[in-house]
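# Working through the structure, step by step
Okay, here's what each chain looks like letter by letter:
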Amino acid sequence: MRGGAPGSGLVGRRAEFAQLVRSIDEPGGVGAVIGEPGIGKTALVHRLLAEAGEGRGHLGGALATVSQISYLALRRAVAAGLPSGAWVREPAHVAAAVAAHVADGVLAVEDLQWADPGTLAVLELLAGRVRLVLSVRSGDTGSEPALALVRRMDATEVLLRPLETADALTLLDSRAPGTPPNAAAALLHRAAGNPMLLVELAAGEERVASVVLGLLARLRPLPQLARQSMTLLALAGGELPIELVAGVTELQASELVEVGDGRVVARHALLLDAIVERIDPARRRGLRAALAAVLGPSGGPTPTAGDDRLRELRAAVAVLSTGAEAGDDAAGASALDAATGAGAGGLTARELDVVALVGEGLTDRAIANRLGLSVRTVETHLASARRKLGAGNRRQAALLAGADR
């Protein structure tokens, strides 16, 4: 590495950068930067290569969209120095050619979780022969094989955690100087210590949509139970007792939640908002009523809640997450009815739907059209809701059910 102050200019990552530099002090050393998307892996890798000196760094990376191309990540790093015929050889031959080309420089491969098997085989053969710097996105479908390789290579693992508040504020000031204190606090909360999210959010609301899509994409590789648990966390405002959350291990590995003192806390308020917004408002209220029936005043399970009520709640969430909102209305209503039988005033899901729309000022016929029901059925649901709530009229029923807006 060149002289000077290593890592100067990196916000909140000086210690991690120093650890990465030490990992390749000796020829054959291997360092691996690991963390969630946007946490700053690329910034560290690029800074290390810049400080390695001109011509000594070789940067490549895998791509999710073309992961089937053999040796792609290595080709992107050293293709100019190797003949095209080198890439049709076996991993041992490719490793020898790459090692000779890199020599005493540094080979960096980003997004190891998307690398093809040939690249992974060559990198394992290169360990101990050239200086290697790798980056691995946590929580991706290919993360576990990539991390297993990192450990077989006896790499130094540099784990990137969310930025501390002071460092996040420094980064925000560098990108959006003069942000009012209240607005800055809101941005820091929404970004949850993720530098990329903070920068995108600071750029303006028009960039928020892309940030939300990126967060939602992190849910896709997770098992179904873990995705359902994120929906429950969103409905609960971001925190639940650990015994109510399935798939905690997977959620932690994806860095979507933190666990402590027997509770699971979601990290990204933006993700929670996006999940909740994708649930029909009436069903959202019904699910929250069902969740309130499971939770006690202290935020823990009530002694009378029982496993059956929790199973019903999860079943309702499962129906919503597998297409009920897209058209299987009967299945969604049935599952939600079971979950919300002891909800607000004992109303069923369909009764909650009806009184919610009453609260929006809709007539019985308009409600019937909205819900795909007959006017007579709407009248029946409304009469039942009024009876359960002790309401004297439609408007009072909506108010008592908390549906009035």
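Reading guide: rules and limits
Residues numbered from 1 in each chain as written. Predicted model: local features only at pLDDT ≥ 70, side-chain atom pairs only at ≥ 80, totals over all residues. Heavy atoms only, no water. Helix = DSSP H or I, 4+ residues; strand = E, 2+ residues; numbered from the N terminus. Areas by Shrake-Rupley, 256 points an atom, 1.4 Å probe, with all protein chains shown as cover. Contact = heavy atoms within 4.5 Å. Core = buried A, V, L, I, M, F, W, Y, C linked by side-chain atoms within 4.5 Å. Buried < 20%, exposed > 50% of the residue type's maximum accessible area, 1.4 Å probe, protein only. Polar contact = N/O pair within 3.5 Å; in protein donor to acceptor, adjacent residues only side chain to side chain. Salt bridge = Lys/Arg side-chain N within 4 Å of Asp/Glu carboxyl O. Pairing = 2+ DSSP bridges. Axes fitted to C-alpha atoms, helices over the stretch in contact; angles between N-to-C directions. pLDDT = per-residue confidence, 0-100. Parallel < 35°, antiparallel > 145°, perpendicular 65-115°, else oblique. Left-handed = near helix turned anticlockwise from the far one by under 90°. Nonpolar A, V, L, I, M, F, W, Y, C, P; charged D, E, K, R; others polar.

## Observations regarding the overall build of the protein chain
Across its full length, the protein chain carries 20 helices and eight strands. Entry remark: accessible area of the protein chain is about 18400 Å², with carbon and sulfur atoms responsible for 52%.

## Section: the side chain of Glu16
One can find Glu16 in helix 1 (residues 14–23). Ignoring any residue separated from it by four or fewer positions in sequence, one finds Glu16 in contact with Leu44, Val158, Leu159 and Leu160.

## Remarks on the nonpolar core
Core analysis: the biggest nonpolar cluster contains 47 residues, and Leu198, Leu219, Met230, Leu251, Leu256 and Leu271 have the highest contact counts within it. Among all residues touching Met230, those that are not within four sequence positions of it are Leu219, Leu251, Leu256, Val257, Ala266, Leu271, Leu272 and Ile275. Ala32, Val109, Leu126 and Ala155 belong to the second-largest nonpolar core, a separate cluster that totals 36 residues.

## With respect to helix 9 (residues 195–202)
Among all positions in helix 9, only Pro195, Leu197, Leu198, Glu200 and Leu201 are buried. As for helix 9, its buried residues are in contact with helix 7 (165–175), helix 8 (181–191), helix 10 (208–217) and helix 13 (269–277). For helix 9, the capping residue at the N-terminal end is Asn194, with a side-chain oxygen 3.1 Å from the backbone nitrogen of Met196. Looking one or two places after helix 9, you find Gly204, whose phi comes out positive at around 125°.

## Side note on the pattern of salt bridges
Summed over all chains, the structure comprises nine salt bridges. With a shortest N-O distance of 2.8 Å, Arg267 and Glu36 are connected by a salt bridge. Of this pair, Arg267 sits in the loop between strand 8 (263–266) and helix 13 while Glu36 is found in the loop between strand 1 (30–35) and helix 2 (41–52), placing the two residues 231 residues apart along the sequence. A relative accessible area of 0% places Glu36 in the buried class. The closest approach of N and O atoms between Arg263 and Glu239, which form a salt bridge, is 2.6 Å. Of this pair, Arg263 sits in strand 8 while Glu239 is found in strand 6 (residues 239–241), placing the two residues 24 residues apart along the sequence. Relative accessible area serves as the criterion here: at 23%, Arg263 is assigned to the partly exposed category.

## Structural notes on the sheet that holds strand 3 (residues 106–110)
Strand order in the open sheet formed by five strands is 2-3-4-1-5, with parallel pairing between adjacent strands. At either margin of the open sheet sits one strand with a lone partner, and together these are strand 2 (57–61) and strand 5 (156–159). The sheet shows a mean angle of 20° between the axes of neighbouring strands, taken without regard to direction. Where strand 1 and strand 4 (residues 131–137) come together, six bridges link them in parallel fashion. Note on strand 4: the bridge partner recorded for Gly35 is Arg137.

## Things to note about the confidence of the model for the protein chain
In low-pLDDT regions, the fine details of the predicted coordinates are not to be read closely. Per-residue pLDDT for the protein chain has a mean of 82; in total, 82% of the residues score no lower than 70. For residues 322–332, every residue scores under 50 in pLDDT, and the model assigns this stretch 17 contacts once sequence neighbours within four places are set aside. When the criterion is pLDDT under 50, residues 340–344 qualifies, and its contacts beyond four places in sequence or with other chains add up to eleven contacts.

## Notes on unusual backbone geometry
Unlike most non-glycine residues, Tyr71 shows phi in positive territory, near 60°. Within the secondary structure, Tyr71 is located in the loop between strand 2 and helix 3 (72–78). Residue classification places Tyr71 among the buried positions, given a relative accessible area of 5%.

## Comments concerning the packing of helix 4 (residues 91–102) against helix 5 (residues 117–126)
Packing of helix 4 against helix 5 brings their axes to within 9 Å, and their N-to-C directions diverge by 55°. In terms of axis orientation, helix 4 runs oblique to helix 5. Note on packing geometry: the crossing formed by helix 4 with helix 5 is right-handed. Contacts between helix 4 and helix 5 involve Pro91, Ala92, Val94, Ala95, Val98 and Ala99 from the first element and Ala121, Val122, Leu125 and Leu126 from the second. Residues that form the contact of helix 4 with helix 5 fall into these classes: ten nonpolar, no polar and no charged.

## A look at the sheet that holds strand 8
Here three strands make up an open sheet; going across it, the order is 6-8-7 and the pairing antiparallel. Only two strands of the sheet have a single partner each, and these edge strands are strand 6 and strand 7 (257–260). The mean inter-strand angle of the sheet, taken between neighbouring strand axes irrespective of direction, is 20°.

## Observations regarding the pairing of strand 1
For a regular strand, side chains alternate in direction, first toward one face of the sheet and then toward the other. Along strand 1, six of the six residues are buried, which leaves the element largely enclosed by surrounding structure. The alternating pattern of strand 1 places Val30, Ala32 and Ile34 on one face and Gly31, Val33 and Gly35 on the opposite face, and all of these are buried. Direction of pairing for strand 1 relative to strand 5: parallel, over a ladder of four bridges. By the bridge assignment, Ile34 is partnered in strand 5 with Leu159.

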